[in-house]
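Observations on chain architecture
This is what each chain is made of:
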Amino acid sequence: MPTVSQFEQYQRDGFVIVRALFSSEEVSLLRTHYMKLREGQEHPGDFVGVPIQRIIGNSAKTGDLLFEDKPDPLRQYPRMIHMHRWDEVSLQWLLDKRLNEHLTSMLGREPYAVQTMLYFKPPGARGQALHQDQYYLKVQPGTSIAAWMALDDCDEANGCMQMVAGSANWDVLCSIPADTTQSFTDVTVPLPEGVKPTPALMKAGDVMFFNGQVVHGSYQNTTTNRFRRSLIGHYIVGEAQKVAQFYHPVLRMDGSLVELGLSEGGGSCGVWVENDGRQVIEMQGISKTKAEDHE
Ligand SMILES: O=C(O)CCC(=O)C(=O)O
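All of the points below concern the structure found in this document.

Basis of the calculations
Residues numbered from 1 in each chain as written. Predicted model: local features only at pLDDT ≥ 70, side-chain atom pairs only at ≥ 80, totals over all residues. Heavy atoms only, no water. Helix = DSSP H or I, 4+ residues; strand = E, 2+ residues; numbered from the N terminus. Buried < 20%, exposed > 50% of the residue type's maximum accessible area, 1.4 Å probe, protein only. 1 Å grid on protein atoms, 1.4 Å probe; cavity = no way out; pocket = protein on both sides within 12 Å on 5 of 7 lines; lining within 4 Å. Points joined across faces, edges and corners; volume = space filled by probe spheres on them. Nonpolar A, V, L, I, M, F, W, Y, C, P; charged D, E, K, R; others polar.

Cis peptide bonds are those with omega within 30 degrees of zero, and the linkage from Gln140 to Pro141 qualifies with -15°. Looking at the element boundaries, Pro141 is found in the loop between helix H5 (134–137) and strand E6 (144–150). Of the consecutive residues His248 and Pro249, the connecting peptide bond is found in the cis state with omega at 5°. You can see Pro249 is positioned in the loop between strand E14 (242–244) and strand E15 (250–251). Not every positive phi belongs to a glycine, and Lys138 is a case in point at roughly 50°. Inspection of the secondary structure puts Lys138 in the loop between H5 and E6. For Lys138, a relative accessible area of 11% translates into the label buried.

And the structure:
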């Protein structure tokens, strides 16, 4: 169960880190397990990311810019997704009693489980530009909540998570192009002037819970010798009636299937406007996500 102060922090900020929720033995077994699964094998949904492109000049014929793809450490260590659909260890972790207790206390009702992901983030790998998970999951009504577990100690050098305090209740923002030399995904969200993410320093076995509205992401792993592996579960509130297609099938926390509706792609999104000298979100855009888009 979360402590009172963890509960209050989650209610206020939309995210909280629970220290040492998993033991170092459990984390070590999980690291070995996923490194074995990754070695020389492909799995459904592996994601290397968008290519890192370097401008190498202009075409003599057309004058168009010419690009060259740069080597990318993620080619050897693509992100794995939805492992719980084919790997029992991942399914057991997603439905773990400790995660369920924390999620249920923070949300006031047992959630549904919809996704697992494993980021290897080897030395030199790009991060993931700032985003809101609800942009992809489109939970209706309500939002998602992530359980992000560090499998390695994480700091700014190896690309720890970056969290935007104060974004817990923001509407879904319209996306803009991301800098793909720094991010393996190609969209991000704009922040108002003066707002910056703060690094979430974590030890292996710590779990950060954050809701689907919170703006978060990570920067590059600038180390030459340290991975930043993380195991992530995505859940949706127990009141939800619909979620985007990519997140079906939806599971109850006892592993049984639950039938929910499909949220449509697209929809409205917010942009920053000035109101009485303050930056506020105004819903006026159309989200570019399509039914098949996912993080
Ligand atoms: O681990 C990261 O760098 C990003 C993870 C993330 O954005 C997520 O779990 O939604």
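The next subject is empty space enclosed by the protein. A full pass over the atoms with the stated rule returns three cavities of 30 Å³ or more. Its boundaries defined by the atoms lining it, the largest cavity holds a volume of some 200 Å³. What lines the largest cavity is a set of 25 residues, among which Tyr119, Gln128, Phe184, Arg228 and Ile232 lie closest to the centre. Elements represented by at least two residues in the lining of the largest cavity include exactly strand E5 (112–119), strand E12 (216–218) and strand E13 (230–236). The element contributing the most residues to the lining of the largest cavity is E12, with three residues. Among the residues forming the lining of the largest cavity, the class breakdown is twelve nonpolar, seven polar and six charged. Each pocket or cavity is described by its volume, and for the second largest cavity that value is around 40 Å³. Going through the elements one at a time, H5 and strand E9 (187–188) are the ones with two or more residues in the lining of the second largest cavity. In terms of residue class, the lining of the second largest cavity is made up of five nonpolar, four polar and no charged.

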